[in-house]
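# Examination of the molecular architecture
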Amino acid sequence: MPSSRSGHRMVEWRGKILVFGGFYKASQDQNAVFVNDTWLYSPAHNEWRPLKFTDAPGVAKPPLRSGCVLAPCSDFSVLVWGGYSEIRCDNAVKARGKPHTDCWELKIADPFDDSSTLSSWSRVKLGGSIGGSAPSPRCGVCASYRNDTTHVFGGVYDVDGEGLSTESTFYDDHYVLDTTKKRWKRRDALQDPDLPPPPPRAWDRKALQASLVAVSLTPPPRIGACCAVAGKVLYVLGGTLEVGDTKELALDDVWCRDARKKDAPWTRLVGGTMSKRSAHWAAEESENEDEEEDEEE
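For clarity, every value in this text was computed on a predicted model and none was experimentally measured. Here the residue numbering is sequential within each chain, running from 1 through the sequence in written order. Reporting of local features is limited, given that this is a predicted model, to residues whose pLDDT is at least 70; pairs of side-chain atoms are given and counted only at 80 or more, and all residues count toward the totals for whole chains, interfaces and linings. Calculation of side-chain values draws on the structure's entire complement of heavy atoms; hydrogens and water are dropped beforehand.

Another aspect to go through is the sheet that holds strand β6 (residues 78-81). Criterion used throughout: strands pair if DSSP finds at least two bridges between them. Under the scheme used here, helices are H or I runs from DSSP no shorter than 4 residues and strands are E runs no shorter than 2 residues, and both carry numbers assigned from the N terminus. Here four strands make up an open sheet; going across it, the order is β5-β6-β9-β10 and the pairing antiparallel. Strand pairing shows two members of the sheet lacking a second neighbour, β5 (69-72) and β10 (120-124), which therefore form its edges. When strand polarity is set aside, the average angle formed by the axes of neighbouring strands in this sheet is 25 degrees. Where β5 meets β6, four bridges bridge the pair, whose relative direction is antiparallel. Looking at β6, one finds that A71 is bridged to L79. The convention used is that axes are lines fitted to C-alpha atoms, helices contributing only their stretch in contact, and that angles between N-to-C directions extend from 0 to 180 degrees.

Right, dumping it as structure tokens:
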């Protein structure tokens, strides 16, 4: 059965459960160990079996990763897009993060069938319409599939600075992967279709709090959310947003929009309690500023 791991991804495949990738980290002092193995679980047999691939040299397969997107296709293949891994550099204080933007197609040979057929990987180039409709490099997205489409929302892109510092850019955009045409579509309309998407918004504490309190038109950016497509509607729940170096806000809001239409308006179904909790930040900062002024006097 699969080894201990987190950050792996699962998807239903012909009545069974497919698992791919992930990482294992024994402690905070040790480097994460990433994997790219693929397993199939059969509820009927209550058993895990690894997919079998050719051991011929030079055959390509996806690099090690976690946090990727699994997108089932109508021909029973599965697309693997994106994800995250770490690269250990010599004399570096910490391993450097690497977001993946590649896509691979997995042709599955069921290991529970009495067949000598092998599963196979192939690299896939995803297309995009005018205006840069493919997602920018990122990890931590949420994804949900229905029929021949997989919806992707949010994510984060980290840039490692000196020492242990990291600058993070969070996203609040929505993309759809057509698994039949193998093509990305952006659900948030651009002002000029001949121009690339605008740069992501910068979110500090005050901007975030204003967005949470006001009647916002779009969900705040986030990672680690959950989403689902029910009927014709995409629902997004929760996630996490970091503001600055020390503030992390767990979100409990719920948003929805028409999953079929480009630039469909978002509706906030549940406002959540984030605005109340983020208000404490202002009070804490005000107290810290008062203490610093008292010390200076």
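Glancing now at the packing of aromatic side chains. Here the aromatic set is Phe, Tyr and Trp, taking the six-membered ring for Trp, and pairing holds for ring centres within 6.5 Å; pairs whose planes are under 30 degrees apart are stacked, those over 60 apart are edge-to-face, and all others are tilted. Across all of its chains, the model carries eight aromatic pairs by this definition. With 5.5 Å between their ring centres and 35 degrees between their planes, F23 and F34 make a pair best called tilted. Residue F23 is located in strand β2 (residues 16-24), and its partner F34 is located in strand β3 (residues 33-42); the two are separated by eleven residues in the primary sequence. Accessible area is worked out with a 1.4 Å probe on protein chains only. A residue is then buried under 20% of its type maximum, exposed over 50%, and partly exposed in between. Note on F23: relative accessible area 24%, which makes it partly exposed. What links up through ring pairs into an aromatic cluster is the set F20, F53 and W121.

So, on to the pattern of salt bridges. Just to be clear on terms, a salt bridge is a Lys or Arg side-chain nitrogen sitting within 4 Å of an Asp or Glu carboxyl oxygen. Tallied over the full model, the rule gives twelve salt bridges. Linking D188 and R257 is a salt bridge whose minimum nitrogen-to-oxygen distance equals 3.0 Å. With a gap of 69 residues between them, D188 in the loop between β17 (183-186) and α1 (205-213) and R257 in strand β20 (residues 247-258) connect regions that are remote in the sequence. For D188, a relative accessible area of 13% corresponds to the buried category. Across the pair D258 and R260 runs a salt bridge whose closest N-O atoms are separated by 2.9 Å. The exposure class of R260 is partly exposed, given its relative accessible area of 47%. One salt-bridge network, held together by shared partners, links D75, E105, K107 and K182.

Below, the discussion takes up the sheet that holds strand β19 (residues 233-243). Strands pair in a sheet through their backbones, by hydrogen bonds, and they do so in one of two ways: parallel or antiparallel. With antiparallel pairing, the four strands of this open sheet are ordered in space as β18-β19-β20-β21. The sheet is open, and its two edges are formed by β18 (226-230) and β21 (267-270), each paired on a single side. For this sheet, the mean angle separating the axes of adjacent strands, direction not counted, is 30 degrees. Two strands pair when backbone bridges link them, and β20 and β21 are joined in this way by three bridges, in the antiparallel orientation. If you follow C256 over to β21, its bridge partner there is T267.

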